[in-house]
Amino acid sequence: MLERASGAESRDSQRRGVRQPGIWRGPLAGMAQGELQHGGLRGTAFPGWRLLSAFIALLLVAVLLVFFNADAFYVRSLQVDGQQYLTREEVFALANVAGQHIFFVNAGDIRDNILRSSSVADARVHPGWPPDMLRISLEERQPALAWEESGVTNWIDLQGRVMLQREERADLLLVRALASPAGLPAPNVSLDEAIVNGALQVQGLLPQLQALNFHPDKGLGYTAAGGWQVWLGSGAGMADRMLVYEALVGDLSRRGIQPVEINVANPHSPYYIVAGSQ
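What you see as residue numbers is a count from 1 along each chain, following the sequence as written. Per-residue local features of the predicted model are confined to residues with pLDDT of at least 70, and side-chain atom pairs are confined, for both listing and counting, to 80 or more; whole-chain, interface and lining totals are unaffected and use all residues. Remark: hydrogens and water are excluded; side-chain values derive from all non-hydrogen atoms of the structure.

A. The pattern of salt bridges, seen in detail. Any Lys or Arg side-chain nitrogen found within 4 Å of a carboxyl oxygen on Asp or Glu counts as a salt bridge. Scanning the model with the defined rule gives 10 salt bridges in all. Where arginine 111 meets aspartate 122, a salt bridge forms, and the shortest distance between an N and an O atom there is 2.7 Å. Within this pair, whereas arginine 111 is found in helix H4 (residues 107–114), its partner aspartate 122 is found in strand E4 (residues 120–127), the two being separated by 11 residues in sequence. Among the charged side chains, a network of salt bridges with common partners joins Arg111, Asp122 and Arg124. Helix numbering and strand numbering both begin at the N terminus, where a helix is a DSSP run of H or I of at least 4 residues and a strand a DSSP run of E of at least 2.

Put into structure tokens, the structure is as follows:
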């Protein structure tokens, strides 16, 4: 009896003092741990996300195909602002961008191409989207005088840069070159700024003059009302030379001398030529 009692007490104490771990016997209990991946179940982990990812990838491929194959994204023309003499077709040809895809257009290269024109002082390139994928803002050079040589007339700006004559401009002083200073002036060839500066000074002193002559050795000149040729040189100081010229003309008139040429290119050493002395 004692043995039975002690055995019963032992079983009672085990039931009261020892806790056994609980095990959940639900539907996932029999699955291997490796079947759980990243919070989902292998083979059943949100198939909708995979379909969405595949759809996005296909959509991107389709967009790229359209982007690179649609003619709308290839440069066929451009918009030009600020032009006065240049046409849009001329600017388009200068840009050298015909047929390029807008994705590969380099604004810096386009600007450099346009600035090769002697008529362009500055250009700004604005890439965009169809229909105006490229917009060019131009600043054109302005002519200061017209230069005629060998029957060809060009425009010259204040810096002496030679430009194509775009139209007849009666307000521009015409300079006729009797001999070229350095070969026939052509676009993108610069003329000495001293020649331009001197011509504009003479125009300011003698606004009635419509044209001047130019000789490489004698500079700028014109035919006076008395019939003789006047040579003034070039560069600054035209007002002083004109004072010397007028004084010399007065002296020659008092002495009854009729010159055929008066040269004051060097105001400190002017001279005159009479008929038969050459």
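B. Representation of helix H3 (residues 88–95) within the structure. Here H3 has its buried residues at Val91, Phe92 and Ala95. Down the axis of H3, the buried set is contained in an arc of 100°. They therefore lie on one face. Of the residues in H3, the exposed ones pointing more than 90 degrees away from the buried face are Glu89 and Ala93. On the buried face of H3, the contacting elements are strand E3 (79–81), H4 and strand E5 (134–140). Downstream of H3 by a residue or two, asparagine 96 has a phi angle that is positive, lying close to 55°. When a residue's accessible area, from a 1.4 Å probe over protein chains only, is under 20% of the maximum for its type it is buried; when over 50% it is exposed; and in between it is partly exposed. Taken from the helix axis, the directions to the C-beta atoms give the arc we talk about. By definition, residues are in contact when any of their heavy atoms lie within 4.5 Å.

C. A look at the packing of helix H5 (residues 193–205) against helix H6 (residues 238–254). One way to put it is that H5 packs onto H6 with a least axis distance of 9 Å and a crossing angle of 55°. The orientation of H5 with respect to H6, classified from their angle, is oblique. The element H5 and its partner H6 pack so that their crossing is right-handed. Every residue of H6 that contacts H5 at Gly198, Gln201, Val202 and Leu205 is listed here: Met238, Ala239 and Met242. Of the residues in the contact of H5 with H6, the class split is five nonpolar, two polar and no charged. Between N-to-C directions, angles cover 0 to 180 degrees, with each direction set by a line fitted to C-alpha atoms, over the stretch in contact for helices. Any angle between 65 and 115 degrees counts as roughly perpendicular, while under 35 counts as roughly parallel, over 145 as roughly antiparallel, and the rest as oblique. Two helices cross in a left-handed way if the nearer one is turned anticlockwise from the farther one by less than a right angle. They cross in a right-handed way if the turn is clockwise. Gly counts as polar in this scheme, as do all residues outside two lists: the nonpolar Ala, Val, Leu, Ile, Met, Phe, Trp, Tyr, Cys and Pro, and the charged Asp, Glu, Lys and Arg.

D. Structural detail: the packing of aromatic side chains. We call Phe, Tyr and Trp rings a pair once their centres come within 6.5 Å, taking the six-membered ring for Trp, and we label the pair stacked below 30 degrees between planes, edge-to-face above 60, and tilted otherwise. In the structure shown here, the tally under the stated rule is two aromatic pairs. Both rings, one in tyrosine 85 and one in tryptophan 155, keep their centres 5.0 Å apart while their planes meet at 65°; by these two values the pair is edge-to-face. Of the two residues, tyrosine 85 is situated in the loop between E3 and H3 and tryptophan 155 in strand E7 (residues 152–156); the sequence distance between them amounts to 70 residues. Comparing tyrosine 85 with tryptophan 155, the two get one shared label, buried. Measuring from centroid to centroid gives 5.4 Å for tryptophan 147 and phenylalanine 214, while their planes differ by 55°, and the two rings are tilted. On the criterion of sequence distance, the pair formed by tryptophan 147 in strand E6 (residues 145–149) and phenylalanine 214 in strand E10 (residues 211–215) is long-range, its members being 67 residues apart. In terms of burial, tryptophan 147 and phenylalanine 214 fall into one category: buried. Any Lys NZ or Arg CZ that is within 6 Å of a ring centre and within 35 degrees of that ring's normal is treated as a charge sitting over the ring. Positioned above the aromatic ring of tryptophan 155 is the side chain of arginine 169, whose terminal nitrogen or guanidinium carbon lies 6.0 Å from the ring centre.

E. Structural detail: the packing of H3 against H4. Running from amino to carboxyl end, H3 crosses H4 at an angle of 120°, the nearest separation of the two axes being 7 Å. Judged by the angle between their axes, H3 and H4 are oblique. Crossing of H3 over H4 shows right-handed handedness. Contacts between H3 and H4 pair Val91, Leu94 and Ala95 from the former with Ile110, Asn113 and Ile114 from the latter.

F. Representation of unusual backbone geometry in the model. In this structure, asparagine 96 is a non-glycine residue whose phi angle is positive, near 55°. For serine 150, which is not a glycine, the phi torsion comes out positive at approximately 55°. If you trace the backbone, serine 150 turns up in the loop between E6 and E7.

G. Structural detail: the pairing of E5. In terms of burial, E5 is a largely internal element, five of the seven residues being buried. Criterion used throughout: strands pair if DSSP finds at least two bridges between them. Strand direction decides the pairing type here: E4 and E5, joined by seven bridges, are antiparallel. Its bridge partner lying in E5, arginine 124 is registered against serine 137. Hairpin remark: E4 followed by E5, antiparallel, with six residues in the connecting loop.

H. Focus on the pairing of strand E11 (residues 219–223). In terms of residue burial, E11 counts as a mostly covered element, since four of its five residues are buried. Here E10 runs beside E11; their pairing, made up of three bridges, is antiparallel. Counterpart to asparagine 213 in the pairing with E11 is glycine 221.

I. Local environment of the environment of tryptophan 155. On the accessibility criterion, tryptophan 155 (2% relative accessible area) is buried. On a C-alpha basis, the gap between tryptophan 155 and proline 143 in space is 5.5 Å, while along the polypeptide they are 12 residues apart.

J. A look at H4. Taken together, the buried positions of H4 are occupied by Ile110, Asn113 and Ile114. Taken end-on, H4 shows its buried residues confined to a sector of 95°, consistent with a single buried face. Buried-residue contacts for H4 involve H3, E4 and E5. Think of a polar contact as two N or O atoms within 3.5 Å of one another; within protein, one of them needs to be a possible hydrogen donor and the other a possible acceptor, and neighboring residues in sequence only count if both atoms come from side chains. Two or three places before glycine 108, at the opening of H4, asparagine 106 has a side-chain oxygen 2.9 Å from that residue's backbone nitrogen.

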